[in-house]
Amino acid sequence: MSEPFKVVGIRPQPARAAARPGPREVPVASLVLLGLILAGCLLAPVISAKDPGYLDLANCNAAPSREFLFGTDALGRDIFACIWQGGRISIAIGLLSTAISTAIAIVYGTVSGMAPRWLDTALMRLTEVFLSVPGLLIVLFLQAILGKAGVLSISIAIGVTSWYSIAKVVRIEVRRLRQSEYVVASRAMGGGFFHVLARHLAPNFVSSIMFMVVMNIRGAIGTESTLSFMGMGLPLEVISWGSMLSLAEKALMTGSWWIVLIPGAFLVTLLMCTTNIGNWLRKAMTPGESNL
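These lines cover the structure that appears in this document, whether it is placed above or below. Quick caveat: nothing in here was measured; it's all calculated off a predicted structure.

### Quick word on the layout of surface pockets
1) Next: Looking at the largest pocket, its volume works out to about 240 Å³.
2) Next: If you trace the largest pocket, you find 15 residues lining it, with Ile 158, Ser 162, Gly 219, Ala 220 and Thr 223 closest to the centre.
3) Next: Elements supplying a minimum of two residues to the lining of the largest pocket: α3 (79-114), α5 (135-146) and α9 (193-229).
4) Next: With six residues, α9 is the largest single contributor of residues to the lining of the largest pocket.
5) Next: Its residues assigned to classes, the lining of the largest pocket comprises five nonpolar, nine polar and one charged.
6) Next: In this model, the second largest pocket occupies a volume close to 180 Å³.

Encoded structure:
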């Protein structure tokens, strides 16, 4: 007599390939546009033979033409030449201020991450206090202390006020890495603070802050342009995209749209390209999600 029930066990399932994160698209358009802008700024004397600081008073507010490709501003300066020369200054301020802020953030975040809990808490509370104050106000205050605005003074003012977010990320990474065997061994063998930071800690957290560094460059260029637009940044004789936009009020009153539109278009393009590249770096350096 056959049994009423039959144990068949678990039905075998076909093996499934582990899910992998999809390919992250490289922002080719942003990289190409950014490369063209950087190349134009580096080759400014080759691209335009005109002196960007020359005041051609006979051709003030001249519309774009064969002689003046982008027109002239209210001072008679050739906008085409000023764009490439001004881009040098704006990008230099972005890079210099970011270098300052990144250096401060790495040192401050590492000290906080390696410190005892009470000191770590105090340093992080101080960082949160700084974050609660509008950065533009601090920049204006520091610029007033430093005196006459210049490339170096504005870079310092922006750099010492834009390191807080990076420092918090560095502190988290250092607290995760400080009990690693190679860090403990290096400290036991007499390795100093900067030796451990440069040889063991920084190589392991630099990828975590890379996209924030790129975004800081964007923020610094935008801050310099804002200060110049408000009349509190670089003087007119120092050509930057921000100082060019400081003539916007007079340009709109005279109908000279090219004085505002062309420098603004270059500035917005640069900021959008750096934003896209920064977001791509953030996604590319984020580990893929687990199947669990």
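Still more ground to cover, so stick around.
### Some thoughts on helix α6 (residues 151-159)
1) Next: Every buried residue of α6 is listed here: Ser 153, Ile 154, Ser 155, Ala 157, Ile 158 and Gly 159.
2) Next: Buried residues belonging to α6 abut α3, α5 and α9.

### Remarks on the nonpolar core
1) Next: Residues Ile 79, Ile 83, Trp 84, Trp 241, Met 244 and Leu 270 are the most contacted members of the largest nonpolar core, which totals 28 residues.
2) Next: Of all the secondary structure elements, the ones that give two or more residues to this core are α1 (28-42), α3, α9, α10 (241-245) and α12 (258-284).
3) Next: When residues of this core are assigned to their parent elements, the largest contribution, nine residues, is made by α12.
4) Next: Beyond its immediate chain neighbours, meaning those up to four positions away, Trp 84 contacts Ile 37, Gly 40, Cys 41, Ala 44, Ile 47 and Phe 266.

### Description of the packing of helix α7 (residues 164-177) against α9
1) Next: Axis separation between α7 and α9 bottoms out at 10 Å; the angle between their running directions is 165°. On the basis of their axis angle, the class for α7 and α9 is roughly antiparallel. For the crossing formed where α7 meets α9, the hand is right-handed. Taking contact as the criterion, the partners of Ser 165, Ile 166, Val 169, Val 170, Glu 173, Val 174, Arg 176 and Leu 177 in α7 are, on α9, Leu 201, Asn 204, Phe 205, Ser 208, Ile 209, Met 212, Val 213 and Asn 216.
2) Next: Of the residues that constitute the contact of α7 with α9, the class distribution is ten nonpolar, four polar and two charged.

Rules used in this analysis
Residues numbered from 1 in each chain as written. Predicted model: local features only at pLDDT ≥ 70, side-chain atom pairs only at ≥ 80, totals over all residues. Heavy atoms only, no water. 1 Å grid on protein atoms, 1.4 Å probe; cavity = no way out; pocket = protein on both sides within 12 Å on 5 of 7 lines; lining within 4 Å. Points joined across faces, edges and corners; volume = space filled by probe spheres on them. Helix = DSSP H or I, 4+ residues; strand = E, 2+ residues; numbered from the N terminus. Nonpolar A, V, L, I, M, F, W, Y, C, P; charged D, E, K, R; others polar. Buried < 20%, exposed > 50% of the residue type's maximum accessible area, 1.4 Å probe, protein only. Contact = heavy atoms within 4.5 Å. Core = buried A, V, L, I, M, F, W, Y, C linked by side-chain atoms within 4.5 Å. Axes fitted to C-alpha atoms, helices over the stretch in contact; angles between N-to-C directions. Parallel < 35°, antiparallel > 145°, perpendicular 65-115°, else oblique. Left-handed = near helix turned anticlockwise from the far one by under 90°.

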